[in-house]
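Fold and contact review
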Amino acid sequence: MHLLKLENVSYQYAGTARKILKEINMGSEPGKLYVVMGKSGAGKSTLLSLLSGLDLCTEGVMLYEGQDMKSLDRDEYRAKSVGVIFQGYNLLTNATALENIVLSMNISGSREKNKRESALKLLDRVGIDRETAGRQVLKLSGGEQQRVGIARALSHNPDIIIADEPTGNLDGDTEKTIMGILRALAHDEGKCVIVVTHSKAVSQYADELWGLNAGNLVFLK
Amino acid sequence: MYLFQNAMRNIFRNKGRNTILALITFLLIFAAAVSFLIHTAAELMIGNARAQFGNQATIETAGTKVLAVSDYLGYGQSDLLEKAEFSMTAYGRLDGLRALDEEAPDGNANMILVSTSRADLGEDFRKGLRSVTQGKAPEKKGDCLVSDAFAKRNGLAIGSSVKLLPADAAKSGTAALTVSGIYTDNSVNGAGGQPGMPLYNRNNEMITTVETAAAIDFMVNSTGRLFDAVYYLKNPDLLGAFQSELREKGLPTSCTVTANEEEYIQAAAPLEKLSKISGVFWIVVLLLGAAVLVLVSILSMRERKYEVGVLRAMGMKKGRVILGMLCETLAVTAACLLIGLGAGAAAAQPVANLFMQQAAQGEQAPPTQQDGDGKPAVQVQMTASAAGEIGLVALLLAGISSIAGIVYITRFEPNRILSERN
Ligand SMILES: Nc1ncnc2c1ncn2[C@@H]1O[C@H](COP(=O)(O)OP(=O)(O)OP(=O)(O)O)[C@@H](O)[C@H]1O
Ligand SMILES: [Mg+2]
């Protein structure tokens, strides 16, 4: 069964005439890494906001574990089922990197005993050392913030990980590390990983590659 | 729990914003505390002044002796009264005894009968100018006190009988009193000493109860008799009802019942001004405070919009976002409350004194801040109930204003907030 399923999903921003997404059909399973390629303005982030439960489609149906997103508690879905790496990071900038991760764990209702320790481990895994972890997000570089965002998406051990240009601000080596982590999450831990990007390099990691072009989603390979 | 911890951390994460909020809150609480405390104190003092003066009623008669002593006494029997105080002074002649400063019996008045219904025997005794040195104050009908000098001159002791005759030898009648005690007069006038003028010697005064004196007809009806009645109403508003009651009992329309208003007004006028100004100030501070807090809250919420978006995107429920931010505001308010109440309590007294000083100058009256005991005219005190009341209002205002701001912000969908920023 598909973990996430989109059936004829269309999306139109309120008060606009244009459909950003047009009758999209897609299914995603655990254990696979999906990459959605598209040019700037193609609607990648918009698709992502539907997948991450931040918004609802205006036409069609989107299902999570067979349940219509419209009838789902989407706060709960965001807190527990999905981890999102945002294009703009969307971290609490006044708090430290570590506090961001711990807060995410707390919101998800995690029973982890030592949240601080496991948060530090997670940050270490994406290349943030303890000293950096204790700094305010405001005082981190774009690449560092992106890595904190990745660690936060993983912090509550969700079924689905969604990433919007996760390597947009990272150098080639770090990009490899991060994509390696995302692939391992899919292949070794059975997560459903969906990455949207305009980067050819990232598309090489895909188990399934899709293309988004002017609101139309097509399967590539 | 984590919500609360995060809220506390947030206070320090956003030092700039919270410092401004704290400063405004402190000033509001300070101003509110000062005005509230002064208002409460002034109201209390007005109440005291009313209790002290406002409930005293006297009967103003158009002519002399329109009312009989028995009328005055009868009017004292009323459910509207807390108590009634009577006093009577009249002159008579001693039968067989010699007054002080009396040269030879000449058939003129030579003693003064003083009577009071007061348990403390009147102002002279209260102030210590006279004191009972033997026996006890008159209780039973017929009891009287005589001065030690008078007792000595006539060889009187406790239990001796004293016979009185009308001052006017042409009138008939006689009365017998029993010495129940002896008083000593310590006043400068106590010594007397104008030979031939016994009525000028305070030691010739015999002291009885009003009940005793009023039963002696020739005393009650003598020329020069003085009678005074003060009625203490249960509360000042009963004045009209009391007068109506007396009319029913037969008080002539030429007589009116009046309150001891002048003294009350004199005592209460500056206080009423103070109470009014501080009361208005307290309301203004509250209204202004509410407006400012809502404004600050909405301004700070615009700043926190992104934070709300992130928290909501992370899956935090709307109610918890509101609760967390409310905790922050309330914690800041509570801290300001402690400091503001303390500072307000300290400042209220000097402010009240300053005001009273100016009020007194404004009325061209001598300064009245100090009463006889050297206490300030308005004593401002921080009580638990005052602190509680101000605290409740402050927390309520802060809570409502911050909820207004947060609810305003949580109306926006997180997706919209985040996409706006990106
Ligand atoms: N809130 C909005 N209201 C109206 N139109 C919007 C809104 N957000 C995005 N759009 C429009 O929707 C289209 C798709 O935007 P989207 O952000 O999904 O593109 P994208 O593929 O993520 O682009 P990029 O690679 O630059 O991030 C764009 O034309 C954009 O202008
Ligand atoms: Mg985008």
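The present account deals with the structure reproduced in this document. Please read these numbers as outputs of a predicted model, since none were measured by experiment.

So, about the overall build of chain A. In terms of helices and strands, chain A carries eight helices and 10 strands. Here chain A holds 221 residues, and the buried ones make up 58% of them. Contacts spanning at least 24 positions in sequence make up 69% of the contacts within chain A whose residues lie at least 6 apart. Accessible area for chain A stands at about 9400 Å²; split by element, carbon and sulfur atoms hold 46% of it.

Another aspect to go through is the coordination of the magnesium ion (ligand 2). Residue and element names in this part refer to chain A. Protein coordination of the magnesium ion (ligand 2) is provided by Ser-45 (OG) and Gln-87 (OE1), with donor distances spanning 2.0 to 2.3 Å. Of this pair, Ser-45 sits in helix 1 (residues 44-51) while Gln-87 sits in the loop between strand 6 (82-85) and helix 3 (97-107); the two residues are 42 residues apart in sequence, bridging distant segments of the chain. Judged by relative accessible area, Ser-45 falls into the partly exposed class, the value being 35%.

Let's shift gears to the nonpolar core. If you look at the biggest cluster of nonpolar residues, it comprises 56 residues, and the most contacted ones within it are Tyr-77 and Ile-160 of chain A. Here the element with the most residues in this core is helix 9 (residues 261-313) of chain B; it accounts for six residues. Aside from chain neighbours lying at most four places away, what touches Tyr-77 of chain A is Leu-4, Leu-51, Ser-52, Gly-53, Met-62, Tyr-64, Met-69, Leu-72, Val-82 and Ile-160 of chain A. Counting 44 residues, the second largest nonpolar core, distinct from the first, contains Leu-67, Met-88, Ala-99 and Tyr-231 of chain B.

Residue and element names in this part refer to chain A. A positive phi angle, close to 50°, is found at Asn-8, a residue other than glycine. Relative to the helices and strands, Asn-8 resides in strand 1 (residues 4-11). If you check the backbone angles, Ala-214 has positive phi at about 50° while not being a glycine. Mapped onto the elements, Ala-214 comes out in the loop between strand 9 (208-213) and strand 10 (216-219). Judged by its relative accessible area of 48%, Ala-214 is partly exposed.

All names here are of chain A. Ordered in space as 6-7-8-3-9-10, the six strands form an open sheet in which the pairing is mixed. Since the sheet does not close on itself, it has two edges, and those belong to strand 6 and strand 10, each with one partner. Between one strand axis and the next, the sheet turns through 20° on average, direction left out of account. Looking at chain direction, strand 3 (residues 33-38) and strand 8 (residues 192-197) are connected through five bridges and run parallel. Within the sheet, the bridge partner assigned to Leu-33 lies in strand 8 and is Val-193. Running over the sheet, helix 1 touches strand 3, strand 6, strand 7 (160-164), strand 8 and strand 9 and is turned about 155° from strand 7. Lying on the sheet, helix 6 (residues 142-155) is in contact with strand 6 and strand 7; it crosses strand 6 at an angle near 175°.

This part takes up the side chain of Ser-278 of chain B. Residues and elements named next belong to chain B. As for its position among the elements, Ser-278 is in helix 9. The exposure class of Ser-278 is buried, given its relative accessible area of 5%. From its side chain, Ser-278 meets the backbone oxygen of Leu-274 in a polar contact 2.7 Å long.

What follows covers the pattern of salt bridges. Tallied over the entire structure, the rule returns 25 salt bridges over all chains. Between Asp-120 of chain B and Arg-118 of chain B there is a salt bridge whose closest N-O contact spans 3.0 Å.

Residues and elements named next belong to chain B. Two elements in contact, helix 2 (residues 15-54) and helix 9, have axes separated by 8 Å at closest approach and are oriented at 160°. With respect to their mutual orientation, helix 2 and helix 9 come out roughly antiparallel. Like other packed secondary-structure pairs, helix 2 and helix 9 cross with a definite hand, here left-handed. For the contact of helix 2 with helix 9, the residue count by class is 23 nonpolar, nine polar and seven charged.

This brings us to a nonpolar patch on the surface. Residues and elements named next belong to chain B. A cluster of nonpolar side chains, Met-197, Leu-199 and Tyr-200, forms an exposed patch at the surface whose accessible area comes to about 290 Å². Among the structural elements, Met-197 can be located in the loop between strand 7 (175-185) and strand 8 (205-209). Look at Met-197 and you get partly exposed, because its relative accessible area is 34%.

All names here are of chain A. Taken together, 13 residues lie around ligand 1, and Ser-40, Gly-41, Lys-44, Ser-45 and Thr-46 are the ones closest in. A distance of 3.0 Å separates an oxygen atom of ligand 1 from a polar atom in the backbone of Gly-43. Between ligand 1 and Lys-44, the relevant distance is 2.7 Å, taken from an oxygen atom to a side-chain nitrogen or oxygen of the residue. Out of a free accessible area of 630 Å², ligand 1 has 65% covered by protein chains. Here the shell around ligand 1 is built from residues that sort into three nonpolar, seven polar and three charged.

Residues and elements named next belong to chain A. Bridge analysis of strand 1 against strand 2 (residues 21-28) gives five bridges, and the strand direction is antiparallel. Across the sheet, the residue bridging to Lys-5 is Gly-27, located in strand 2. Looking at chain direction, strand 1 and strand 4 (residues 59-64) are connected through five bridges and run antiparallel. Looking across to strand 4, one finds that Lys-5 is bridged to Leu-63.

Let us look at the packing of aromatic side chains. Across all of its chains, the model carries 11 aromatic pairs over all chains by this definition. Between Tyr-64 of chain A and Tyr-77 of chain A, the aromatic rings sit 5.0 Å apart at their centres with planes inclined by 70°, giving edge-to-face as the arrangement. In this pair, Tyr-64 of chain A is assigned in strand 4 and Tyr-77 of chain A in helix 2 (residues 74-81), connecting sequence segments 13 residues apart. We classify Tyr-64 of chain A as buried; its relative accessible area is 6%. Here the aromatic rings of Tyr-231 of chain B and Phe-242 of chain B are separated by 5.4 Å at their centres, their planes lie at 55°, and the arrangement is tilted. Placement of the pair is Tyr-231 of chain B in strand 9 (residues 226-233) and Phe-242 of chain B in helix 8 (residues 239-248), with a sequence separation of 11 residues. We note that Tyr-231 of chain B, like Phe-242 of chain B, is buried. What links up through ring pairs into an aromatic cluster is the set Tyr-72, Phe-86, Phe-227, Tyr-231 and Phe-242 of chain B. Sitting over the face of the ring of Tyr-232 of chain B, Lys-83 of chain B holds its NZ or CZ atom 4.5 Å from the ring centroid.

Procedures and definitions
Each residue is numbered by its place in its chain's sequence as written, counting from 1. Chain A is the first chain written and ligand 1 is the first ligand written, with later ones labelled in order. In view of the model being predicted, local features appear only for residues whose pLDDT reaches at least 70, and side-chain atom pairs are presented and counted only at 80 or more, with totals across whole chains, interfaces and linings using the full set of residues. Here the side-chain values reflect all heavy atoms present in the structure, with hydrogen atoms and water set aside. Numbering of helices and strands runs from the N terminus, with a helix taken as a DSSP run of H or I at least four residues long and a strand as a DSSP run of E at least two residues long. Only protein chains enter the accessibility calculation, which uses a 1.4 Å probe; a residue is then buried when its area is under 20% of its type maximum, exposed when over 50%, and partly exposed in between. In what follows, residue pairs with any heavy atoms lying within 4.5 Å of each other are defined as contacts. Per-residue and other accessible areas were derived by the Shrake-Rupley procedure at a 1.4 Å probe size, with only the shown protein chains allowed to occlude residues. Here a donor is an N, O or S atom found within 2.8 Å of the metal, or within 3.2 Å if the metal is Na, K or Ca; sites may look incomplete because water is not among the atoms. Nonpolar cores are built from buried Ala, Val, Leu, Ile, Met, Phe, Trp, Tyr and Cys residues. Side-chain atoms within 4.5 Å join them into one set. A pair of strands counts as paired when DSSP detects no fewer than two bridges linking them. To obtain an axis, a line is fitted to C-alpha atoms, over the contacting stretch when the element is a helix, and the angle between two such axes runs from 0 to 180 degrees between their N-to-C directions. Polar contact is defined as a pair of N or O atoms within 3.5 Å, subject to the rule that within protein one atom must be able to donate a hydrogen and the other to accept it, and that residues adjacent in sequence are counted only when both atoms are side-chain atoms. Any Lys or Arg side-chain nitrogen found within 4 Å of a carboxyl oxygen on Asp or Glu counts as a salt bridge. Under this scheme an angle from 65 to 115 degrees is roughly perpendicular, one under 35 degrees roughly parallel, and one over 145 degrees roughly antiparallel; angles in between are oblique. Crossing handedness is read from the near helix: turned anticlockwise from the far helix by less than a right angle, it gives a left-handed crossing, and turned clockwise, a right-handed one. Think of it as three bins: nonpolar holds Ala, Val, Leu, Ile, Met, Phe, Trp, Tyr, Cys and Pro, charged holds Asp, Glu, Lys and Arg, and polar takes everything else, Gly as well. Patch construction takes residues with relative accessible area above 30% that form no salt bridge. Like charges are linked within 9 Å, and nonpolar side chains (Val, Leu, Ile, Met, Phe, Trp, Tyr) are linked within 5 Å. Near is defined per residue: the residue qualifies when any heavy atom it owns lies within 4 Å of the molecule or strand. Centres within 6.5 Å make a pair out of two Phe, Tyr or Trp rings, where for Trp the six-membered ring is used; the pair is then stacked when the planes are under 30 degrees apart, edge-to-face when over 60, and tilted otherwise. The criterion for a charge sitting over a ring is simple: Lys NZ or Arg CZ within 6 Å of the ring centre, and within 35 degrees of the ring normal.

Keep in mind these values describe shape, not function.
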